[in-house]
Amino acid sequence: MNDFASPLQSLDQGNWFKLICGASYQHLPAVRNLVLAYTLAGADCIDVAADPAVIAVAEDAIATAIQLSPTHPRPLLMVSLNAGEDPHFRKATLQPEQCPSDCSQPCVGVCPADAIAFPSPGVVTDRCYGCGRCLPVCPIEQIITVSHTAKPKIIGPFIQTGRVQALEIHTQVGHLAEFKQLWQALKPFVPHLQVLAVSCPDGQGLLDYLASLYQLMEPLPCTLIWQTDGRPMSGDIGDGTTRATVLLAEKVLKAQLPGYVQLAGGTNRHTIAKLKAKGLLHPRLMSPAITIHASYIAGVAYGSFARNLLAPLQTQLETFSTHQVEHHAQLLHEAVSLASSLVAQLKPILNQPQARSELGQDLPLVPQMRRGNSSRIC
C-alpha cells in the first residue's frame, strides 16, 4: 500500500505538488490525460481553467484514477480567477489569410502547445494558453492577444457543491482595487473552500502588497497559499528559469506572512535541487549537511514543464480512435512513470518498491493499480 498523505498533510510536510493545466488551456483530451496521469503519480492539487467543460473532464479523470488506484487520496481540484489583466488569461489570435504566401511561419515553431495551424484556423483556441511567444516572431506583427476574465458567478456553484475545493486568485502589485472587487464577489463562496491561493509575480512593494491582501481577506476559513510566480509560463524555456521563482519564494518566506509558500513560474527539473542547495525544503527532505532555514517551502507547482513531459504521449494518443490514456495500457504506464519522475522529486516515498505497479510490468515509479481493471485499461 502506498504511503500517500492527504493534500493538506502534504502542505504541512513540505511536499505539496500541484499540476497547472493552464488558466486558458481548454484542450479537453489533453487535460483529461494529464489529470489522470498526475493523479496516479500522487499530485495533491490539479489546477484547471475556470470553464465548466474543463472542470467536468478533470473530475472524470480524477474519478477514473481513484477507480484504478483506490489507495490514492483524491487531489484537490482548483480553478483560477484573475484580479485585473494577467498573461495567464489570454489567447493569441491571427488571420491566416493575411499571412504572406512565402512566410516561413516562425510562430508555428515557437508555440509550445501546437496551437497554431495553417491554412486554418490559424490559432487553435482551446490549445492556446497565452504564453505570448508567437507575438514577437511574426514578420508582419499581426498576431495579437485577447484577454478574458473568469466570472465568479459561473464558478461559485462548483465551489458551493464541493466539486471545486480550491481557488487561486492571480493578481499583481498595484491591483488592490481590482482584487477588492473580485474578493467581494467571492466572499459567499470562500467558506466552502479547503484552499485559497494567491498568485503574484515580483514587483516593487510586493511584500507590502501581499500584507494588504491578507488584511483584506482575514479571517480566512480555509488554508492560505502564497504562490510565488517567478517567471510565468516559462518552465519549458530553459533550465535557468527556475532561479527567479526560487529567489522570489525566499523573499516571501522571509516576510513571514501567515500561510504557506509555494513556487510556480519557471519551475522545471532543477527546481528541487536549487531549493535543497538553499536549504529551503522541509527538514525531512534535506541533507543534514545543508543549513536549513527557519521556514521552508510548502510545495511546488509545475505547469508547462509538467505538460511537456507528457506531450509526446498525447501526440501518440491522438492518432488512435480512443484518446483516453487508460484504454492503452503501455501508454498509461509510460504516462504515469513520466509524471511520477517529477512528483517523486518532492515525494521520494514513490521510489520505494511498494509503489510499483501490480499490472504485471515492473516499471519504476508507477503506483499500484487495483487488480481486476485490466479490461478498462487495455
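### Topic: the nonpolar core
- Counting 99 residues, the largest nonpolar core has Y38 and V48 as its most contacted members.
- Judged by nonpolar contacts, the second largest core, of 10 residues, contains W16, A166, V195 and A298.

### Describing empty space enclosed by the protein
- In the structure shown here, the tally under the stated rule is four cavities of 30 Å³ or more.
- Counted as a void, the second largest cavity has a volume near 110 Å³.
- Lining the second largest cavity are 16 residues; nearest its centre among them are C111, C128, G130, C131 and C134.
- A per-class count over the lining of the second largest cavity returns 11 nonpolar, three polar and two charged.

### Some thoughts on the packing of aromatic side chains
- Applying the stated criterion to the full structure yields three aromatic pairs.
- When the centroid spacing of 5.2 Å and the interplanar angle of 20 degrees are considered together, the rings of F17 and Y302 count as stacked. With F17 in strand β1 (residues 16–20) and Y302 in strand β12 (residues 299–302), this pair connects stretches of sequence that are 285 residues apart.
- With a centroid separation of 6.4 Å and 15 degrees between ring planes, the pair formed by F179 and W183 is classed as stacked. Taken together, the residues F179 and W183, both in helix α6 (residues 176–186) and four residues apart, mark about one turn of the helix.

### Description of the pairing of strand β3 (residues 76–82)
- For β3, the buried fraction is high: seven of the seven residues fall into the buried class.
- Taken together, the four bridges between strand β2 (residues 45–48) and β3 define a ladder with parallel strand orientation. Residue pairing for β3: I46 is matched across the bridge by L77.
- In this fold, the crossover linking β2 to β3 by way of helix α3 (residues 52–68) has right-handed handedness.
- Of the pairings in the sheet, the one linking β3 to strand β8 (residues 166–170) comprises five bridges and is parallel in character. Following the sheet pairing, M78 is matched in β8 by A166.

### Quick notes on the confidence of the model for the chain
- Across the chain, pLDDT averages 84, with 86% of residues at or above 70.
- Per-residue pLDDT stays below 50 along residues 350–378; that stretch engages in 81 contacts with residues further than four places along the chain or on separate chains.

### Some details on the sheet that holds β2
- The eight strands are arranged β1-β2-β3-β8-β9-β10-β11-β12 in a closed barrel whose pairing can be described as parallel. In this sheet, neighbouring strand axes are inclined to one another by 25 degrees on average, regardless of whether the strands run parallel or antiparallel.
- Relative to strand β11 (residues 260–264), strand β10 (residues 223–229) is paired through five bridges, and the arrangement is parallel. Paired with Q227 across the strands is Q262, a residue of β11.
- Each of β2 and β3 is contacted by α3, which is oriented at about 160 degrees to β3, the strand it contacts most.

### A short note on α6
- When we look at burial in α6, the residues that qualify are F179, L182, W183 and L186. Projected down its long axis, α6 shows its buried positions confined to an angular sector of 105 degrees, all on one face. Residues of α6 that are exposed and angled more than 90 degrees away from the buried face: A177 and Q181.
- Elements in contact with the buried residues of α6: β3, α5 (152–160), β8, β9 (195–200) and α7 (206–217).

### Observations regarding the pattern of salt bridges
- By the definition in use, this model includes eight salt bridges.
- Salt-bridge contacts for E59 lead to R163; the nearest nitrogen and oxygen are separated by 2.6 Å. Residue E59 is located in helix α3, and its partner R163 is located in the loop between α5 and β8; the two are separated by 104 residues in the primary sequence.
- By relative accessible area, which is 22% here, E59 ends up partly exposed.
- Relative accessible area serves as the criterion here: at 34%, R163 is assigned to the partly exposed category.
- K278 is the salt-bridge partner of E250, the closest N and O atoms lying 3.3 Å from each other. Here the residue E250 occupies a position in helix α8 (residues 242–255), and K278 occupies one in the loop between α9 (271–277) and β12, the gap between them amounting to 28 residues.
- Linked by salt bridges that have partners in common, K18, D47 and E168 make up one network.

### Observations concerning the layout of surface pockets
- When its volume is computed, the largest pocket comes out at roughly 360 Å³.
- In this structure, the largest pocket is lined by 22 residues; those nearest its centre are Y25, A30, R307, A311 and Q314.
- For the lining of the largest pocket, the elements supplying multiple residues, two or more each, are α2 (28–41) and α10 (304–317).
- Of the residues forming the lining of the largest pocket, the biggest block, eight residues, is contributed by α10.
- Looking at the lining of the largest pocket, its residues break down into 13 nonpolar, five polar and four charged.

### Notes on the environment of V31
- Here V31 lies in helix α2.
- Under the relative-accessibility criterion, V31 is labelled buried at 0%.
- If sequence neighbours within four positions are ignored, V31 has contacts with C21, Y25, V48, V54 and V57.

What counts, and where the lines are drawn
Residues numbered from 1 in each chain as written. Predicted model: local features only at pLDDT ≥ 70, side-chain atom pairs only at ≥ 80, totals over all residues. Heavy atoms only, no water. Core = buried A, V, L, I, M, F, W, Y, C linked by side-chain atoms within 4.5 Å. Buried < 20%, exposed > 50% of the residue type's maximum accessible area, 1.4 Å probe, protein only. 1 Å grid on protein atoms, 1.4 Å probe; cavity = no way out; pocket = protein on both sides within 12 Å on 5 of 7 lines; lining within 4 Å. Points joined across faces, edges and corners; volume = space filled by probe spheres on them. Nonpolar A, V, L, I, M, F, W, Y, C, P; charged D, E, K, R; others polar. Phe/Tyr/Trp six-rings, centres within 6.5 Å; stacked < 30°, edge-to-face > 60°. Helix = DSSP H or I, 4+ residues; strand = E, 2+ residues; numbered from the N terminus. Pairing = 2+ DSSP bridges. Right-handed = clockwise from strand over helix to strand, strands pointing away. pLDDT = per-residue confidence, 0-100. Contact = heavy atoms within 4.5 Å. Axes fitted to C-alpha atoms, helices over the stretch in contact; angles between N-to-C directions. Arc of directions from axis to C-beta. Salt bridge = Lys/Arg side-chain N within 4 Å of Asp/Glu carboxyl O.

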